[in-house]
Amino acid sequence: MSFKNVTQFVWKRHQSHWNWIVMAGSLVVFLMALLTHSVLLFFTTAAGIVISLQKFPDPVPPFSWVAKMLECERKWLELPWSWKKSLQACGMVAGVIYVVCACWAGSIMALLLFIGLCANIACVYGNKAMGVDEL
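None of the values given here were measured: they were computed from a predicted structure.

(A) Fine view of the environment of methionine 23. Tracing the backbone through its elements, the reader meets methionine 23 in helix α2 (residues 17–36). C-alpha of methionine 23 to C-alpha of serine 52: the two residues are 29 residues apart in sequence and 5.7 Å apart in space. When residues no more than four places from it in sequence are discounted, the contact partners of methionine 23 are Ile49 and Ser52.

Here it is in structure tokens:
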């Protein structure tokens with residue numbers, strides 16, 4: 001299998017609602033494994049990743065919040081690269097590294113600080129959407 005075929009396969013599975021939910025759950029278990037340094041949870045994460053690559057039927061009716069998340073992801077990926085998208089991508093990568101390091105160190109306060117920062121960013125974008133504030 002070529003790399004292109006593998007990425008297309010994973011992307012197709014990622015766009016399915018049940019697969020997306022299983023993958024998100026595996027991410028939560030992975031963060032718990034980092035926080036507790038549990039080998040059993042690491043194996044559970046690996047099992048979740050393997051399960052998320054299986055073909056699941058689409059739910060009827062589809063989960064509206066998962067469909068909205070997947071649509072936002074598709075729209076963001078289709079945008080042309082600009083300084084704003086580059087800054088967002090760097091912020092996401094930095095956020096992932098920060099959360100992984102905070103979980104590995106076992107720092108609940110660092111995780112709470114990150115959650116507060118994300119809530120603040122959500123408020124800024126919410127205010128922009130309501131016309132209260134401009135970025």
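(B) Up close: the pattern of salt bridges. As enumerated under the stated definition, the model contains 1 salt bridge in all. The shortest N-O distance in the salt bridge between glutamate 71 and arginine 74 comes to 2.7 Å. Within this pair, glutamate 71 and its partner arginine 74 are both found in helix α4 (residues 64–78), separated by 3 residues, close to a single helical turn. Judged by relative accessible area, which is 28%, arginine 74 ranks as partly exposed.

(C) Representation of the nonpolar core. Grouped together as the largest cluster of nonpolar side chains are 6 residues: Leu34, Val99, Ala102, Cys103, Ala110 and Leu111. Counting residues per element, this core draws most heavily on helix α5 (residues 83–105), at 3 residues. Ignoring any residue separated from it by four or fewer positions in sequence, one finds alanine 110 in contact with Tyr98 and Ala102.

(D) Representation of helix α6 (residues 108–130) within the structure. For α6, which comprises 23 residues, the first-to-last C-alpha distance of 33 Å matches the rise-based estimate of 33 Å (1.5 Å per residue) to within 8%. Of the residues flanking the end of α6, it is glycine 131, one or two places downstream, whose phi is positive at about 85°.

(E) Region of the structure containing the environment of glycine 106. Looking at the secondary structure, you find glycine 106 in the loop between α5 and α6. Taking the C-alpha atoms as reference, glycine 106 lies 37 Å from aspartate 58; in sequence the two are 48 residues apart.

(F) Region of interest: the packing of aromatic side chains. Enumeration according to the criterion identifies 5 aromatic pairs in this entry. Look at tryptophan 20 and tryptophan 65: their rings are 6.0 Å apart centre to centre, the planes differ by 70°, and that puts the pair in the edge-to-face class. Of this pair, tryptophan 20 sits in helix α2 while tryptophan 65 sits in helix α4, and the two are 45 residues apart along the sequence. Judged by its relative accessible area of 15%, tryptophan 20 is buried. Pairing phenylalanine 30 with phenylalanine 42 gives two aromatic rings, centres 5.9 Å apart and planes at 70°, and the pair type is edge-to-face. Taken as a pair, phenylalanine 30 in helix α2 and phenylalanine 42 in helix α3 (residues 39–52) lie far apart in primary sequence, 12 residues in all.

(G) Looking closely at the side chain of threonine 45. Within the secondary structure, threonine 45 sits in helix α3. Beyond its immediate sequence surroundings of up to four residues, threonine 45 is in contact with Ser26, Val29 and Phe30.

(H) Representation of the side chain of arginine 13 in the model. Among the secondary structure elements, arginine 13 is positioned in helix α1 (residues 3–14). As a buried residue without a salt bridge, arginine 13 has its nearest oppositely charged side chain in aspartate 58, at a separation of 9.0 Å. In this view, arginine 13 contacts Asn19, Ser52, Leu53, Gln54 and Lys55; residues no more than four positions away in its chain are not counted.

Quick notes on the rules
- Residues numbered from 1 in each chain as written.
- Predicted model: local features only at pLDDT ≥ 70, side-chain atom pairs only at ≥ 80, totals over all residues.
- Heavy atoms only, no water.
- Helix = DSSP H or I, 4+ residues; strand = E, 2+ residues; numbered from the N terminus.
- Contact = heavy atoms within 4.5 Å.
- Salt bridge = Lys/Arg side-chain N within 4 Å of Asp/Glu carboxyl O.
- Buried < 20%, exposed > 50% of the residue type's maximum accessible area, 1.4 Å probe, protein only.
- Core = buried A, V, L, I, M, F, W, Y, C linked by side-chain atoms within 4.5 Å.
- Expected span 1.5 Å × (residues − 1).
- Phe/Tyr/Trp six-rings, centres within 6.5 Å; stacked < 30°, edge-to-face > 60°.
- Lys, Arg positive; Asp, Glu negative; His and termini not counted.

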